[in-house]
Amino acid sequence: MHPAPSIIVFTTLSGLGYGLAAILGLGLLDPSLTLTKVAHVLALLMIAIGLLSSTLHLGNPQRAWRALSQWRSSWLSREGVMAILTFLPLLWSAWASVIESRYLVLPGLLGTVLAGVTVYCTAMIYASLKSVQAWHTPLTPLCYLLFAAAGGSLLGAFFAMAGRNSGLFLLLLALLFTIAAWVVKIAWRRNMDGLVPLSTPETATGLGNIGRVRLFERPHMTENYLTREMGFRIARKHAVKLRRLALLLGGLLPAALVFMLLVTTVAGAGGGLAAILAMTLAVISHIIGMLAERWLFFAEARHAVMNYYGG
Amino acid sequence: MTLLPALPTPKKLGLVIDLDVCVGCHACVVNCKEWNTGGYGSALSDQAPYGADVSGAWLNRVHTFEVVPEGGEIVGEAGEARIVHFPKSCLHCEDAPCVTVCPTGASYKRAEDGIVLVDEDMCIGCGLCAWACPYGAREMDLAAGVMKKCTLCIDRIYNETMEEADRQPACVRTCPANARHFGDFSDPQSAVSIMTMERGGMDLMPEQGTRPVNKYLPPRPRKSLAAGAPLMPLAENTDGAKGFFAWLDGVLERI
């Protein structure tokens, strides 16, 4: 599948934004601190930029409002509806923190739950497609949810460190979610690598009872919409390296940094500039790793239509 | 509304494509583009139409496959290997995955005849329906920013200003080999239903659970080249010549 930059930016940024919003909704950061107010605004900005980015690949973005109408059958529509609904408690919570320096339990917890539901809807857009076998597994939404939680708690821990809070609980959450996300992601990759193709050139043409089917001639000499959109193959060449890079930057390095901070905090030597720098590095590393992970998510997935195009 | 019709549609309009007959001439491809660029919805645009890297939206394409049986090698030389031309357009599935994923209601399946259509005024061009279709039946029109697909020539088949014989999809009407047939699959007495039954018409990718309406007729079993060879008389053999030819044979022998 073609890894459109707008969709990679969207899923990465909105995942981080909803993750951070979910952590803020739990009230783990002191609402009177300026940094917590910044965190609220940052979460909303990441979500908004992510959503706007997702409209960039549309052919007719001026009609995007119509996408809110078919929530009864379409996960994309459900995602749009949930994204807008989620803004209500998030804006309420942000108002309470930024203007009134208060944490409110009701909009807070509601925001956490709805953020999770929105991320789930995003993931189900992909997981519901039977035509892309690698995505068509319950592990896909689980990965998206755990990565959002990992990114959110890493950002939460960063704000806790920067606000000179101890942030012990947030560090623990960040470590657990990062590890859990990558355990599930590795299971997801194993599942993809071990797939027996559901559809083959033989089933696609119905000619399997005569023999082995091989593409002899494409319908056109040049590329078309389908081969560009569904036949992306560049990533497979460097897939192994990119997989390692995504794991290293998105998982191992942030987890190691968080673990060190946890140890130093428990030992009573936590805090200070070094802790802030370490958390900054962990967050940046995680974001770069996630961009690579999302790129692979699209680029490595094979679409059933390629059975007709010899891909 | 992107929910599929709750009841089976009273008519199931679709195509039968005969893989035994198709010669791969691409006439259906060209006539489809010709008709549909001026018919339903926006024109079927091409990008860089006179450039080296031309591409565009087509609703019907002919692929060509080589089928190699066990032990077969190269077409016409070993085994029973054969070339099969394979026209492909929308199959108007009964469980069309492209319809239910549409977030706007632009994609729909008609309750009366089962034709799957796109209302282009509602389409935002997100491309998710093209992702959902395992057959590659939908292509984005990059100029109009909306999804294009086969309409089963809805502007021909119900068009009473046309001669009766022309009220068929453009691809069917133009096929010089008669490899494409249009009809109602819900009527067991229709020509397409009878053809499908007699020739073992098949679904493409049945494992995707889409229940396609269009059916493909498999190529008929082929005689091997070797089996046909001994039937051909050898040119040098004059055994059994009678009358004038026996006399001529004798004269020419003596000269």
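Small disclaimer: the values here were computed from a predicted structure and weren't measured.

## Brief notes about the overall build of chain A
And step 1. Broken down by element type, chain A carries 11 helices and one strand.
And step 2. Each helix (α) and strand (β) of chain A, taken in turn from the N terminus, gives the series α-α-α-α-α-α-α-β-α-α-α-α.
And step 3. Over its C-alpha atoms chain A spans a radius of gyration of 21 Å, differing by no more than 12% from the 19 Å that the globule rule assigns to 311 residues.
And step 4. In terms of overall dimensions, chain A has C-alpha extents of about 70 × 45 × 30 Å along its principal axes.
And step 5. When the 311 residues of chain A are sorted by exposure, 54% land in the buried category.
And step 6. Taking contacts inside chain A between residues at least 6 apart in sequence as the whole, the part at least 24 apart equals 80%.
And step 7. Per element, the accessible surface of chain A, about 13300 Å² overall, is 73% carbon and sulfur.

## Quick notes on the interface of chain A and chain B
And step 1. On the side of chain B, 62 residues touch chain A, which itself brings 57 residues to the contact.
And step 2. When chain A packs against chain B, the two sides together hide about 4900 Å² of surface, and 60% of this comes from carbon and sulfur.
And step 3. Taken together, the connections running from chain A to chain B amount to one salt bridge.
And step 4. Among the ionic pairs, Glu66(B) bridges to Arg214(A), the shortest N-O distance being 2.7 Å.

## A few points about a nonpolar patch on the surface
All names here are of chain A.
And step 1. Residues Val41, Leu45, Ile49, Trp95, Val98 and Ile99 make up a contiguous nonpolar surface patch of roughly 540 Å² in combined accessible area.
And step 2. Listed by contribution, the elements that provide at least two residues to the nonpolar patch are helix H2 (34-54) and helix H3 (75-98).
And step 3. When residues in the nonpolar patch are grouped by element, the largest group, three residues, is from H2.
And step 4. On the secondary structure map, isoleucine 99 appears in the loop between H3 and helix H4 (105-127).
And step 5. A residue is classified by how much of its surface remains accessible, and isoleucine 99, at 51% relative accessible area, is exposed.

## Observations regarding the packing of aromatic side chains
And step 1. By the definition in use, this model includes 20 aromatic pairs over all chains.
And step 2. Between the aromatic rings of Tyr126(A) and Trp131(B), the centroid separation amounts to 6.3 Å while the plane-to-plane angle is 40°, which identifies the pairing as tilted. Within this pair, whereas Tyr126(A) is found in helix H4, its partner Trp131(B) is found in helix H3 (residues 128-132), the two belonging to separate chains.
And step 3. Considering the side-chain rings of Tyr308(A) and Phe86(B), the 6.0 Å spacing of their centres and the 35° angle between planes classify their relative orientation as tilted. With one member in each of two chains, Tyr308(A) in the segment after helix H11 (272-299) and Phe86(B) in strand S5 (residues 82-89) form a pair that bridges those chains.

## Remarks on the pairing of strand S10 (residues 180-184) of chain B
Residues and elements named next belong to chain B.
And step 1. Counting buried positions along S10 gives four out of five residues, so the element sits mostly inside the fold.
And step 2. As defined by bridge partners, strand S1 (residues 13-18) adjoins S10 across five bridges and the pair is classed as antiparallel. Each residue of the ladder has a partner; that of isoleucine 17, found in S10, is arginine 180.

## Here we look at the sheet that holds strand S4 (residues 60-68) of chain B
And step 1. Spatially, three strands are ordered S1(A)-S4(B)-S5(B) in an open sheet, and the strand pairing comes out antiparallel. A single partner strand is all that each edge strand has here, and the edge strands are strand S1 (212-217) of chain A together with S5 of chain B. Each neighbouring strand pair of the sheet contributes to a mean axis angle of 40°, computed without reference to strand direction.

## Focus on the pairing of S1(B)
Successive side chains on a regular strand alternate, one facing one side of the sheet and the next facing the other.
Residues and elements named next belong to chain B.
And step 1. With six of six residues buried, S1 is to be regarded as a mostly interior element.
And step 2. Across three bridges, the pairing between S1 and strand S11 (residues 215-217) is parallel. The partner of aspartate 18 across the bridge, within S11, is leucine 217.

## What to know about the packing of helix H1 (residues 5-25) of chain A against helix H5 (residues 139-162) of chain A
All names here are of chain A.
And step 1. Put simply, H1 and H5 touch, their axes get as near as 7 Å, and they point 60° apart. Between H1 and H5, the angle is such that the two are oblique. Relative to H5, H1 is oriented so that their crossing is right-handed. Touching Thr11, Gly15, Leu16, Gly19, Leu20 and Ile23 of H1 are Tyr144, Ala148, Gly151, Gly152, Ser153, Leu155, Gly156 and Phe159, all from H5.
And step 2. For the contact of H1 with H5, the class distribution of residues is seven nonpolar, seven polar and no charged.

## Details of unusual backbone geometry
Residues and elements named next belong to chain B.
And step 1. A positive phi angle, close to 50°, is found at cysteine 153, a residue other than glycine.
And step 2. Note on placement: cysteine 153 falls in the loop between strand S9 (146-148) and helix H4 (154-157).
And step 3. With a phi close to 45°, methionine 205 is a non-glycine residue in the positive phi region.
And step 4. Given a relative accessible area of 0%, methionine 205 falls into the buried group.

What counts, and where the lines are drawn
Residues numbered from 1 in each chain as written. Chains lettered and ligands numbered in written order. Predicted model: local features only at pLDDT ≥ 70, side-chain atom pairs only at ≥ 80, totals over all residues. Heavy atoms only, no water. Helix = DSSP H or I, 4+ residues; strand = E, 2+ residues; numbered from the N terminus. Rg over C-alpha atoms; globule rule 2.2 N^0.38 Å. Buried < 20%, exposed > 50% of the residue type's maximum accessible area, 1.4 Å probe, protein only. Contact = heavy atoms within 4.5 Å. Areas by Shrake-Rupley, 256 points an atom, 1.4 Å probe, with all protein chains shown as cover. Buried area = accessible area lost by both parts, 1.4 Å probe. Salt bridge = Lys/Arg side-chain N within 4 Å of Asp/Glu carboxyl O. Patch = residues over 30% accessible without salt bridge, like charges linked within 9 Å, V, L, I, M, F, W, Y side chains within 5 Å. Phe/Tyr/Trp six-rings, centres within 6.5 Å; stacked < 30°, edge-to-face > 60°. Pairing = 2+ DSSP bridges. Axes fitted to C-alpha atoms, helices over the stretch in contact; angles between N-to-C directions. Parallel < 35°, antiparallel > 145°, perpendicular 65-115°, else oblique. Left-handed = near helix turned anticlockwise from the far one by under 90°. Nonpolar A, V, L, I, M, F, W, Y, C, P; charged D, E, K, R; others polar.

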